[in-house]
Amino acid sequence: MSTEDELLQVEEDLARLRAENRELREQIGDMGVTDQIETGAMIAMADEREELIADLERRRADLQQRLQRS
């Protein structure tokens, strides 16, 4: 896989994860006061996705730098 292809894949993954995370956080907000365990699990899942997004953003920056050097 070329660097350009890898960068494109990272961009697609970022867009997908951001949309999923936005949707998940909206669901949490819409739930109101319900099952605290379920709400906590959903918040933890959203936080984990934020970490994945941060990792992908770092990967994207690395790939962009690699492309600039070539």
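Up top is the structure these notes are about.
Residues numbered from 1 in each chain as written. Predicted model: local features only at pLDDT ≥ 70, side-chain atom pairs only at ≥ 80, totals over all residues. Heavy atoms only, no water.

A. Expanded view of helix α2 (residues 36-69). An ideal rise of 1.5 Å per residue puts 50 Å on 34 residues; α2 measures up with 50 Å between its terminal C-alpha atoms. Residues of α2 that are buried: Thr39, Met42, Ala46, Ile53, Leu56, Arg60 and Leu63. Its buried side turned inward, α2 meets α1 (3-31). (Helix = DSSP H or I, 4+ residues; strand = E, 2+ residues; numbered from the N terminus. Expected span 1.5 Å × (residues − 1). Buried < 20%, exposed > 50% of the residue type's maximum accessible area, 1.4 Å probe, protein only. Contact = heavy atoms within 4.5 Å.)

B. Broad picture of the packing of α1 against α2. Put simply, α1 and α2 touch, their axes get as near as 9 Å, and they point 160° apart. Comparing their axes, α2 and α1 come out roughly antiparallel. Seen along the crossing, α1 lies across α2 with a hand that is left-handed. Class assignment of the residues belonging to the contact of α1 with α2 gives a composition of 16 nonpolar, five polar and 15 charged. (Axes fitted to C-alpha atoms, helices over the stretch in contact; angles between N-to-C directions. Parallel < 35°, antiparallel > 145°, perpendicular 65-115°, else oblique. Left-handed = near helix turned anticlockwise from the far one by under 90°. Nonpolar A, V, L, I, M, F, W, Y, C, P; charged D, E, K, R; others polar.)

C. Representation of the nonpolar core. Counting residues in hydrophobic clusters, the biggest one holds seven residues: Leu7, Val10, Leu14, Leu17, Ile53, Leu56 and Leu63. Among the elements of the structure, α1 and α2 are those that each provide at least two residues to this core. Sorting elements by how many residues they give to this core places α1 first, with four residues. Apart from the residues lying within four places of it in its own chain, the contact partners of Leu7 are Arg60, Leu63, Gln64 and Leu67. (Core = buried A, V, L, I, M, F, W, Y, C linked by side-chain atoms within 4.5 Å.)

By themselves, these observations are geometric and do not establish any function.
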